[in-house]
Amino acid sequence: MQFSNMASRLFLLAAIVLFCIALASSPDAKIENQDTQRGQEVKGANRRLLTSVDCVGLCRVRCSLHSRPNVCTRACGTCCARCNCVPPGTSGNREMCGRCYTDMTTHGNKTKCP
């Protein structure tokens, strides 16, 4: 009698521990969904949190005075998606987005990002 009572308590304790481990390992998906709702995205294998940028709106402003706004907006959108940044203003200030933005080039080895 005493052995079965002790065995049932150990079984209950083991079940609670396994349940807690399962809960501790599964919130990654919940955290990711909550963060994307707050304007953050989980990117890459190391799962860093990055604030998302409104690429369409920022590129529209960036390319508003460009001589070829459609080409500029398309290139800006690609750079924004890859680097998660658009420099302020309509020209210049490219260094504010770091090496990702400044070092990206086209197949013709010209700077890609406006």
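In this text the structure is predicted, and so the values were computed from the model without any measurement. (Residues numbered from 1 in each chain as written. Predicted model: local features only at pLDDT ≥ 70, side-chain atom pairs only at ≥ 80, totals over all residues. Heavy atoms only, no water.)

> Break down the nonpolar core for me, citing the residues and quoting the values.
The nonpolar side chains of a soluble globular protein tend to be buried, and buried together. In this structure, C76 and Y101 are the most contacted members of the largest nonpolar core, which totals 14 residues. Counting residues per element, the ones that place at least two in this core are α3 (55-62) and α4 (69-83). Counting residues per element, this core draws most heavily on α4, at five residues. With residues near it in sequence (within four places) discarded, Y101 still touches R62, C76, C79, C83, C85, P87, R94, C113 and P114. (Core = buried A, V, L, I, M, F, W, Y, C linked by side-chain atoms within 4.5 Å. Buried < 20%, exposed > 50% of the residue type's maximum accessible area, 1.4 Å probe, protein only. Helix = DSSP H or I, 4+ residues; strand = E, 2+ residues; numbered from the N terminus. Contact = heavy atoms within 4.5 Å.)

> Give me the lowdown on the environment of V56, citing residues and values where you can.
With respect to the helices, strands and loops of the structure, V56 is situated in helix α3. Along the chain, V56 and C76 lie 20 residues apart, while their C-alpha atoms are 8.8 Å from each other.

> Got a sec to walk through the state of the cysteines? Specific residues and values, please.
Covalent bonding between the sulfur atoms of two cysteines is what defines a disulfide. Inspection of every chain in the model, using the stated rule, returns six disulfides. Between the sulfur atoms of C55 and its disulfide mate C80 the distance is 2.0 Å. Judged by the sign of its S-S torsion, about -75 degrees, the cystine formed by C55 and C80 is left-handed. Placement of the pair is C55 in helix α3 and C80 in helix α4, with a sequence separation of 25 residues. Bridging C85 to C97, the disulfide has an S-S length of 2.0 Å. Since a negative S-S torsion denotes a left-handed disulfide, the C85-C97 link at about -70 degrees is left-handed. You can see C85 sitting in the loop between α4 and α5 (99-103) and its partner C97 sitting in the loop between α4 and α5, a full twelve residues away along the chain. Of the two residues, C85 and C97, both sit in the buried class. Going through the protein chain in sequence order and numbering each bonded cysteine, the pairs you get are 1-7, 2-5, 3-4, 6-12, 8-11, 9-10. (Disulfide = S-S within 2.5 Å.)

> I'd like to hear about the side chain of R62, residue by residue, with values.
Mapped onto the elements of the fold, R62 is located in helix α3. A polar contact is formed between the side chain of R62 and the backbone oxygen of G92, at a distance of 2.8 Å. Discounting chain neighbours no more than four positions away, the residues touching R62 are C76, V86, P87, P88, G89, T90, S91, G92, R94, Y101 and P114. (Polar contact = N/O pair within 3.5 Å; in protein donor to acceptor, adjacent residues only side chain to side chain.)

> Lay out unusual backbone geometry with the relevant residues and their values.
Phi is positive for N84, close to 60 degrees, though the residue is something other than glycine. One can find N84 in the loop between α4 and α5. Look at N93: it is not a glycine, yet its phi comes out positive at around 60 degrees. Along the chain, N93 turns up in the loop between α4 and α5.

> I'd like to hear about the packing of α3 against α4, residue by residue, with values.
Between α3 and α4, the least distance of the axes is 9 Å, while the angle of their chain directions is 135 degrees. Our classification of the angle between α3 and α4 gives oblique. Every pair of crossing elements has a handedness; the one defined by α3 and α4 is right-handed. Two secondary-structure elements touch here, α3 through C55, C59 and R62 and α4 through T73, C76, G77, C80 and A81. Class assignment for the residues of the contact of α3 with α4 results in five nonpolar, two polar and one charged. (Axes fitted to C-alpha atoms, helices over the stretch in contact; angles between N-to-C directions. Parallel < 35°, antiparallel > 145°, perpendicular 65-115°, else oblique. Left-handed = near helix turned anticlockwise from the far one by under 90°. Nonpolar A, V, L, I, M, F, W, Y, C, P; charged D, E, K, R; others polar.)

Interpretation in functional terms is not warranted from these geometric data alone.
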